[in-house]
Structures are given as C-alpha cells and as structure tokens.
Amino acid sequence: MRDRLVEKLKKHDEKALSQIIEQQSRFVASVIYNISKGSLSKEDIEEVTADVFVTLWNNAEKVQEGKLKGYLCSIARTRTLNKI
C-alpha cells in the first residue's frame, strides 16, 4: 500500500501526499520531539513537521521503494537540527 502511495506521490498526486501526511505525521512529530530532546515548542514541532512534508513533496522522486519512513526520518533529523 505505501509503495503505491509513493508511486502516486512521485507523479505529484496531492491525494497521495494527504494520505501520507495522515498516516505519518504523528511518527514524524515523534521523531522531531525525540531528536530535539524536548527543547522545541509544540508550535516548532508542528512547523518542522510541515517542513518535512513540503520537502517530501519537492523531492518525491528521491524516495526509494520501501524506504518512505527512513526518508521521512532523514528529513526530520535534518530539519530539526536546523531549527535547533
């Protein structure tokens, strides 16, 4: 299922992005919180989470099959460290 979403995302299907956000936003926010060790506010976490999904949208072609969560973690880590 996720791989089909990724394929649709690569074709810039906005519904696929919405589904991915719905399925993965709590996970991404949790990664951000853990990396920041609680130093970011709720608003900052929400902002970084949104940035992660914008980056995903803009770089959808880079996501490899079966690697969506890892890719999201990588983006979340980079964006969190930049925010801190």
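Structure report, in brief. Here, residues in each chain are numbered from 1, in the same order as that chain's written sequence. Confidence filtering applies because this is a predicted model: local features only for residues at pLDDT of at least 70, side-chain atom pairs given and counted only at 80 or more, and all residues used for totals across whole chains, interfaces and linings. In computing side-chain values, all of the structure's heavy atoms are included and hydrogens and water are not.

1. Looking at the nonpolar core
For soluble globular proteins, nonpolar side chains are generally found buried alongside one another. Short version of the rule: Put simply, buried Ala, Val, Leu, Ile, Met, Phe, Trp, Tyr and Cys residues joined by side-chain atoms within 4.5 Å make one nonpolar core. Per-residue accessibility, obtained with a 1.4 Å probe over protein chains only, is compared with the maximum for each type, and a residue is labelled buried under 20%, exposed over 50%, and partly exposed between these values. Only runs of H or I of at least four residues qualify as helices and only runs of E of at least two qualify as strands under DSSP, and these elements are numbered from the N terminus. Contact definition: two residues touch when any of their heavy atoms are within 4.5 Å.
Of all hydrophobic cores here, the largest spans 22 residues; its most connected members are I32, V52 and L56. Where this core is concerned, the elements lending two or more residues are α1 (2–10), α2 (14–36), α3 (42–58) and α4 (68–83). With six residues, the top contributor of residues to this core is α2. Excluding residues within four positions of it along the chain, I32 makes contact with L40, I45, V48, T49, V52, A76 and T80.

2. Details of the packing of aromatic side chains
The condition is simple: Only Phe, Tyr and Trp rings are paired, with Trp represented by its six-membered ring, and only when their centres lie within 6.5 Å; those with planes under 30 degrees apart are stacked, over 60 edge-to-face, the remainder tilted. Put simply, a charge is over a ring when the Lys NZ or the Arg CZ is close to the ring centre, within 6 Å, and near the line of the ring normal, within 35 degrees.
Throughout the structure, instances matching the rule amount to zero aromatic pairs. Note that K69 overlies the ring of F27, its terminal NZ or CZ placed 4.4 Å from the centroid.

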